[in-house]
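Structural overview
Chain by chain, the residues:
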Amino acid sequence: MSAPTNHSLRRPEPSLLDDVPTAKKVAINLRRNKKQDHTQLLDEAAGAFEYAACKDEYWNPEKFSLCYGTPIWDQASESQRVLLNQLYWVAYYAQIISAEIATIYFNQTSAAGLFGIEDFRTVCDMLDLESSQERAHIAAFKKVSEAVEAEVFGQRVFTYPMRGPFHETMIYQDSSPFRRKFKRLQLRTFGLLSAGNAFIACQYFLVRGIRTLSGKIVQHQLSQYYTKYDREPDPVTGETKRKEDAPIPSKISYYHFCDESYHFNSSTIVSHDVVKSLPAPSAFEKFVTNLGVKGCQKDHRNFSSMVNGVFWFDPAAFAAVYKVLRSRAFGLDDKAARELIWDSFCKDNESFHLAQETHQTARESYKKYVAGLDFVSAENKKMAVMEKASVDAALRRNRRMYGRGLAPIRTWAPA
Ligand SMILES: [Fe+2]
Ligand SMILES: [Fe+2]
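Residues numbered from 1 in each chain as written. Chains lettered and ligands numbered in written order. Predicted model: local features only at pLDDT ≥ 70, side-chain atom pairs only at ≥ 80, totals over all residues. Heavy atoms only, no water.

**Let's talk about the overall build of the chain**
Within the chain, the regular secondary structure consists of 16 helices and zero strands. For the chain, whose C-alpha radius of gyration is 22 Å, the value lies close to the compact-globule estimate of 22 Å for 415 residues. C-alpha atoms of the chain, sized along the principal axes, occupy 75 × 50 × 35 Å. Summarising the internal contacts of the chain: among those between residues at least 6 apart in sequence, 79% fall at separations of at least 24. Summing over all exposed atoms, the chain offers an accessible surface of approximately 18500 Å²; the carbon and sulfur share of this is 54%. (Helix = DSSP H or I, 4+ residues; strand = E, 2+ residues; numbered from the N terminus. Rg over C-alpha atoms; globule rule 2.2 N^0.38 Å. Contact = heavy atoms within 4.5 Å. Areas by Shrake-Rupley, 256 points an atom, 1.4 Å probe, with all protein chains shown as cover.)

**What to know about the packing of helix H2 (residues 39-48) against helix H6 (residues 121-152)**
At a minimum axis separation of 9 Å, H2 and H6 run at an interaxial angle of 15°. When the axis of H2 is compared with that of H6, the two are roughly parallel. Crossing hand, H2 versus H6: left-handed. Residues Thr39, Leu42, Asp43, Ala46 and Gly47 of H2 touch H6, and the partners they reach there are Gln133, Ala136, His137, Ala140 and Lys143. Its residues assigned to classes, the contact of H2 with H6 shows four nonpolar, four polar and two charged. (Axes fitted to C-alpha atoms, helices over the stretch in contact; angles between N-to-C directions. Parallel < 35°, antiparallel > 145°, perpendicular 65-115°, else oblique. Left-handed = near helix turned anticlockwise from the far one by under 90°. Nonpolar A, V, L, I, M, F, W, Y, C, P; charged D, E, K, R; others polar.)

**Section: the coordination of the iron ion (ligand 2)**
The coordination sphere of the iron ion (ligand 2) contains the protein donors Glu134 (OE), Glu260 (OE), Glu260 (OE) and His263 (ND1), at a distance range of 2.0 to 2.3 Å. One can describe the site at the iron ion (ligand 2) as irregular: its four donor atoms subtend angles covering 57 to 160° at the metal. If you list the donors of the iron ion (ligand 2) from N- to C-terminus, the spacing comes out as E-x125-E-x2-H. Distance-wise, the iron ion (ligand 1) is placed 3.6 Å from the iron ion (ligand 2), both being coordinated by Glu134. Of this pair, Glu134 sits in helix H6 while His263 sits in helix H9 (residues 248-273), and the two are 129 residues apart along the sequence. With respect to class, Glu134 is no different from His263; both count as buried. (Donors = N, O, S within 2.8 Å, 3.2 Å for Na, K, Ca; no water. Tetrahedral: all angles 85-135°; square planar, octahedral: opposite > 155°, others 65-115°. Buried < 20%, exposed > 50% of the residue type's maximum accessible area, 1.4 Å probe, protein only.)

**Quick look at the coordination of the iron ion (ligand 1)**
Bound to the iron ion (ligand 1) on the protein side are Glu100 (OE), Glu100 (OE), Glu134 (OE), His137 (ND1), His256 (NE2) and Glu260 (OE), at distances that span 1.9 to 2.7 Å. For the iron ion (ligand 1), the six donor atoms in the first shell make angles of 54 to 174° at the metal, a pattern classed as irregular. Taken in chain order, the donor set of the iron ion (ligand 1) reads E-x33-E-x2-H-x118-H-x3-E.

**Brief notes about the environment of Ser267**
Its place among the elements puts Ser267 in helix H9. Ser267 gets classed as buried once you look at its relative accessible area, which sits at 0%. As for Ser267 and Tyr204, which are separated by 63 residues in sequence, their C-alpha atoms are 8.6 Å apart.

**Here we look at the side chain of Asn302**
Structurally, the position occupied by Asn302 is in the loop between helix H10 (283-299) and helix H11 (318-326). A distance of 3.0 Å separates a polar atom in the side chain of Asn302 from a polar atom in the side chain of Arg397. With near-sequence residues (within four places) excluded, Asn302 lies in contact with Gln173, Phe311, Trp312, Phe313, His359 and Arg397. (Polar contact = N/O pair within 3.5 Å; in protein donor to acceptor, adjacent residues only side chain to side chain.)

**Focus: H6**
The end-to-end C-alpha separation of H6 is 47 Å, in line with the 46 Å expected for 32 residues at 1.5 Å each. Phi for Gly154, located one or two positions after H6, is positive at around 70°. (Expected span 1.5 Å × (residues − 1).)

**Some words on the packing of aromatic side chains**
Under the counting rule described, the total for this entry stands at 30 aromatic pairs. A ring pair is formed by Tyr51 and Trp59, whose centres lie 6.0 Å apart and whose planes are at 85°; its orientation type is edge-to-face. No difference in accessibility class separates Tyr51 from Trp59, as the two residues are buried. Ring pairs connect the aromatic residues Phe49, Tyr51, Trp59, Phe64, Tyr88, Trp89, Tyr92, Tyr93 and Phe141, which therefore count as one cluster. In this structure, Arg188 packs its charged tip against the face of Phe166, placed 4.1 Å from the ring centre. Positioned over the ring face of Tyr226 is Lys243, at 5.5 Å from the centre of the ring. (Phe/Tyr/Trp six-rings, centres within 6.5 Å; stacked < 30°, edge-to-face > 60°. Lys NZ or Arg CZ within 6 Å of the ring centre and 35° of its normal.)

**Regarding the pattern of salt bridges**
Tallied over the full model, the rule gives 20 salt bridges. Linking Asp299 and Lys183 is a salt bridge whose minimum nitrogen-to-oxygen distance equals 3.3 Å. Here Asp299, found in helix H10, pairs with Lys183, found in helix H7 (residues 177-196); they are 116 residues apart in sequence, far enough to count as distant. The class of Asp299 is buried, set by a relative accessible area of 4%. (Salt bridge = Lys/Arg side-chain N within 4 Å of Asp/Glu carboxyl O.)

**Regarding a positive patch on the surface**
Taken together, Arg180, Lys181, Arg184 and Arg188 make up a surface patch of like positive charges. Tracing the backbone shows Lys181 in helix H7. (Patch = residues over 30% accessible without salt bridge, like charges linked within 9 Å, V, L, I, M, F, W, Y side chains within 5 Å. Lys, Arg positive; Asp, Glu negative; His and termini not counted. Charge placed at Lys NZ, Arg CZ, Asp CG, Glu CD.)

**Notes on the packing of helix H12 (residues 334-345) against helix H16 (residues 391-406)**
Packed helix pairs are characterised by how far apart their axes lie and by the angle those axes make with each other. Remark: H12 packs on H16, axes separated minimally by 10 Å, with the N-to-C direction vectors making an angle of 160°. Classed by the angle they form, the pair H12 and H16 counts as roughly antiparallel. Both H12 and H16 take part in a crossing whose hand is right-handed. Between H12 and H16, the contacting residues are Arg338, Glu339, Ile341, Trp342 and Phe345 on the first element and Leu395, Asn398, Arg399, Tyr402 and Leu406 on the second. Residues belonging to the contact of H12 with H16 are distributed by class as follows: six nonpolar, one polar and three charged.

**Concerning H11**
Of all the nine residues making up H11, eight are buried; the element is thus mostly covered by neighbouring parts of the structure. Every buried residue of H11 is listed here: Phe318, Ala319, Ala320, Val321, Tyr322, Lys323, Val324 and Leu325. For H11, the elements touching its buried residues are helix H4 (71-75), helix H5 (78-115), H12 and H16.

This is the structure we're talking about:
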């Protein structure tokens with residue numbers, strides 16, 4: 001903890017030091033995160049990554065493959081399935097990069113908002129460490145994903161050049177130029193508000209905690225590919241597998257998951273416990289907090305049958321899948337690629353039900369997360385916006401948006 005304020009000089013407001021269990025939790029979480037910090041291991045793994053060394057194997061459990069459960073998957077050859085499994089990794093972490101770019105910015109604005117309160121130094125130190133870890137995560141994801149896309153497609157498909165925090169966090173979203181501009185304005189405004197208001201800064205971590213919860217659900221399973229790697233013999237040679245030979249992207253998934261567990265702890269400690277050391281929120285502070293949670297619900301209102309576990313508006317990513325199907329690895333012509341996209345995303349198949357299951361698990365966990373917080377509105381407590389998602393609605397939407405989703409390929413040329 002930071003040096004306590006001299007008692008005679010203390011302001012009348014409650015202090016974090018009056019809440020000894022919470023102050024302890026913050027200090028322990030920071031100490032343990034420092035001790036387990038995977039930054040160096042991630043940097044080494046990313047530095048050693050060569051696509052050629054792991055291009056013939058899975059990087060995730062099989063069900064975490066791009067388009068798993070769709071006709072694209074069903075018709076794919078074994079080598080195409082390996083690629084779809086790797087492309088899941090690329091697409092999934094392209095989404096995580098976007099979320100983490102925003103996280104770095106709001107960690108910093110929120111730390112500014114909280115540092116204006118006596119005795120909050122440890123909370124801010126914890127956030128500083130997390131921001132530097134996020135930078136290492138982003139660097140590792142970028143290194144692998146860009147190498148894969150350069151080799152397989154010769155151009156970007158799911159990746160994008162490095163960018164700032166004011167973009168739509170959901171990389172494939174039901175958006176328009178106006179909505180994008182408005183989102184930018186909202187993000188900038190939230191940054192300004194959180195930097196100057198301790199309650200809003202504190203409750204940014206409620207939003208971050210909710211977002212991390214859905215990440216945890218998927219990333220725990222992705223990390224298992226590495227943790228269980230040496231438990232079963234190689235299916236071809238029958239030899240015992242060694243952890244050190246696991247594909248580097250699976251190691252990155254595991255290292256990332258380890259760091260993120262601490263980030264989730266700190267989101268919970270700050271949003272649920274540290275908040276008790278702040279004065280009760282004003283109507284405005286409650287309003288902004290609920291707007292943040294509702295914004296998160298809106299961002300998570302769709303489920304993606306393309307990348308199970310992210311909440312993309314899939315039609316916006318049809319053009320990306322089209323590029324995959326037209327690539328050397330799949331070799332489809334224009335007509336066949338369009339038809340397979342229709343069959344995979346506009347007709348009912350297993351992928352929709354798997355994605356819906358993940359979405360429901362996420363929604364239930366969000367509901368539990370906010371249940372005990374009296375400043376959260378009834379609508380947000382029910383996660384009412386997310387409740388509207390269904391397989392039928394997703395199918396209707398995909399059929400309606402099919403043409404518009406594929407419109408960007410008019411100006412696209414194979415590399
Ligand atoms: Fe991260
Ligand atoms: Fe994180």
